[in-house]
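The primary structure of each chain is shown beneath.
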Amino acid sequence: MTADVATAGPTLAGCGPETVRELATGSSAAITVQGPGGTGKTLLLAELAAAYERAGVPVVDPGAAPPSGPYAVVVDDAHRLTAAEAAFVDAALAAPGARVVLAFRPWPRPAPLAGLLRRLGADRRAVVLGHGDRALVQCWAGEHLGDAVPAGLVDAVLTQTGGLPALAHALLRAIARRGGPPRPQLGRPARLVVPAEVTDRVRAALAAVDEETRALLHAVAAGAPLDDEVLGGLLGLPALDAADLIGAARSTGLLLPSGALVPMAAHVLLGTTPPDVTRRTRRQLLAALVDRGEEPVELARRLAADGVRDPRAAGLLERHGEAALAADPALAAELLGAAVSCGAPGAGLAARRAQAAALAGDLDGALHWADTALADESAPDRSRAAGVAAAVLAQRGMLTQAAELSRLAGPDRAGSAALALLATGAAEEARAVLAEAGPGRGAPTVLAVSERLAAEGVAQSLRTGENAADDIAAALSTLTRAAALLEPVGRTALLVDTPAALAALVALHSGELRVAESVLQRAVDADLGGAPCRPRHRLLLAWIAMLGGRMSRARELMAAAQDSARGDTAQEAAGAGTALEPRDEVFLQALEVGLARRSSDVPGLVRAWVRAREALVRHPVDLFTLLPLGELVIAAARLEDGDRVRPHLAEAQALLARLGEPQLWAASLHWSGAQAAIITDDPAALRPHAAALVAAARTSPHAATLARAGRSWTRVLAGDIDAPSVVAAAEQLTAVGLGWDGSRLAGQAAARATDQKDRAVLLGCARSLADSAGCEAAPATPGPVVDDAGPVPAGATGALSEREREVARLVVAGQTYREIGARLYISAKTVEHHVSRMRQRLGASTRSDLLARLRAELADS
């Protein structure tokens, strides 16, 4: 060890046997060891004394008669030397061959010690001890517990003890006596509990401290900074005396170089000091800090946690809670709640607490606080509370109530009120709301302007007539501009629906999937609408992925939506259910249904259908949920459960009728109705939907595409296969984002075609469209389709051909002959031939026997 080496204990701090031997036998006649309490000075002196004795050098105490010849004087706590003892040491320094070792704390520096240090000057070996860092604590842990010490334990010991060697070694010894580091429980990280004997050691160290120093340590534990003026004011001392007291506190070792208290010591101090004393100290401290212009938020939070009613703390917490609404709404909710605990009026903060809770994703809490504010007519900020409640109720399908609350929120939220009214079919009332809140009414904030633009965009999308196509294009432009306008402040905006989601819906209904995806991705990047809207945007992106055939991507986005609704904590993530609001739940369950249907997963479709029915009951039909309703209409037809959706479908049709049958919004529902008729092989049910699409086609390019596809499908179901017409219709469907449907149209036509050339063309089209759309669930059977269900060759074994295995897998999955044919692009009759031949080949007598044998055959392959 060299002079002025900063370490943290004897062998524990780098002063191993070699170092001690070098100190004891070195050329320096004097050694000084300086360090706060608990850093290992006494232990180092004991080792040096033993080294001297082993070398034949006697060790004497101050005041004893010095022996003849070389000797050593080893003095611990030299800061307590009397004048006579200091004179003895001074004489030893002058004696030939004598060695002197002095150990002392950094403070105090009384005259006897100061004189000795001046006498020594530079002719001494200086050792400085202090608190250990992480590397030293790691080394100590290895000495006590072996090499395999968890990193978390090292960090916990360092945190609890502050690296003070006396406490770190005591804690590590106690852990070793208990069998080693604590083990994780049920997958949770191990938690270090400080044993009672270690806590008792801290109590003993504090008991040895004088009352004034203990009072200062308590003030620091209560939250005071190491500031002479502040501590002097708290303790009733002049600033200079307070500075000396800080030195005394540092010399105990319980005060870290950073100015913080060793956590174990702080815990003991706060636990052994009467609570009223701690509360009084904190109130005085907060007043002193606020008076000099500081903002001690954490101190105010501690007062709130203790239930202390203090107007200064309440005002401080309220200001910081308001400021945190934009950046950290969860923190804002905590601070505003703490302000109420400190005496701020609950009714006065209820609206802001509602906003903070909603932005943090706690919609139940948001409704609670909003209701508190709305119920008190004298409460300030009721308009804010009304806006919060409107946003929450909109997610829960209560749009009529959301419209009323948005109107109560004032003319600034006219756009929200109009959106809610438009979604329920009250277009005239929505226009009146917008007209009433015209220019000059309310502040033209970014939020107000964006919401008004969004409402105007949706109103444009409802227009019919010759210019409907232009109006729809204008609506999409208006909504996109509204979304972009809101991006800089959108994270804190509580909305009935986001302009990005509405723009995406208009784009989806008009076949502009790329536009929809682009505007939604921007909304995700900007976190538009904050926590309440994160699931909404991700579910709409999943819808786009599903339509495009990217089933895995759709699943990823659905999982991300659920994760964003649950929150980040493990406890929330492990909770039951999806934690989605009813509007988002409808989309999620419709996605589950759509993915199962597109992958021909009949058992999965049945399971998803049960959940989807529940979600549909929880959320009334509105203009912005027609897409999931359409998917459920198709699933109901597939499962022969149309009665379940008939009331909801009638409600949607009535809604569209109230809005004047807008082509944009009605076309998708008619397309779903057409798909349902196709599944049930019901040309009569298909005709009215096809006719409606034909009528809309005159003014809507998207409807025209759907109409052509509908006409083509009608002819296919009737057995009239015009291959070029089918290919054109299928390709046009793909162009508007319905590649899976386009592939299915071509595949069904191929299965029904009698002309081999037409079948080959249609099959090639189906596969090409499936590939271009990225349809992961699309069939990819190589080679031309042929009716290979001929007679069984002589001498055939029970083994199945590759085509038969394809059919067998789908039979075992529970699909019908028609579904299997559509999947493999062969006719249902051909599937029946395959099944008959497999039954003969495997010797199955009944259908259940056949299924059992097929499962065994497939398991062996």
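The rules behind each value
- Residues numbered from 1 in each chain as written.
- Predicted model: local features only at pLDDT ≥ 70, side-chain atom pairs only at ≥ 80, totals over all residues.
- Heavy atoms only, no water.
- Buried < 20%, exposed > 50% of the residue type's maximum accessible area, 1.4 Å probe, protein only.
- Helix = DSSP H or I, 4+ residues; strand = E, 2+ residues; numbered from the N terminus.
- Pairing = 2+ DSSP bridges.
- Right-handed = clockwise from strand over helix to strand, strands pointing away.
- Phe/Tyr/Trp six-rings, centres within 6.5 Å; stacked < 30°, edge-to-face > 60°.
- Lys NZ or Arg CZ within 6 Å of the ring centre and 35° of its normal.

J.: An account of the pairing of strand β4 (residues 72-75) is needed here, citing residue identities and associated values.
T.: Side chains Ala 72 and Val 74 of β4 all project onto a buried face; the interleaved residues Val 73 and Val 75 project onto the opposite face, where all are buried too. Judged from the two bridges that link them, strand β3 (residues 59-60) and β4 form a sheet pairing that is parallel. Bridging across to β4, Val 60 finds its partner in Val 73. Bridging between β4 and strand β5 (residues 99-104) involves four bridges; their strand directions are parallel. Among the inter-strand pairings, Val 73 is bridged to a residue of β5, identified as Val 100. Crossover connection from β4 via helix α3 (residues 83-94) to parallel β5: handedness right-handed.

J.: Please give an account of the pairing of β5 that cites residues and values.
T.: Of all six residues that make up β5, six are buried, and the element is covered over most of its length. Neither face of β5 is open: one carries Arg 99, Val 101 and Ala 103, the other Val 100, Leu 102 and Phe 104, and all of them are buried. With five bridges joining them, strand β2 (residues 30-34) and β5 adopt parallel strand pairing. Opposite Ala 30, over in β5, you have Val 100 as the bridge partner.

J.: Give a description of the packing of aromatic side chains that names residues and reports values.
T.: Throughout the structure, instances matching the rule amount to three aromatic pairs. Note on Trp 543 and Phe 587: the rings are 5.8 Å apart at their centroids and 75° apart in plane angle, and the pair reads as edge-to-face. Taken together, the positions of Trp 543 in helix α27 (residues 534-547) and Phe 587 in helix α30 (residues 582-598) put the pair 44 residues apart, joining distant regions of the chain. Residue classification places Phe 587 among the buried residues on the basis of a relative accessible area of 1%. Ring centres 6.0 Å apart and planes at 55° place the aromatic pair Phe 624 and Trp 665 in the tilted group. Separated by 41 residues along the polypeptide, Phe 624 in the loop between α31 (602-618) and α32 (626-638) and Trp 665 in helix α34 (residues 663-679) bring together distant segments of the chain. In this structure, Arg 353 is placed above the aromatic ring of Trp 369, and the distance from its NZ or CZ to the ring centre is 3.8 Å. The ring of Trp 740 has Arg 598 lying over it, and the distance from NZ or CZ to the ring centre is 5.3 Å.

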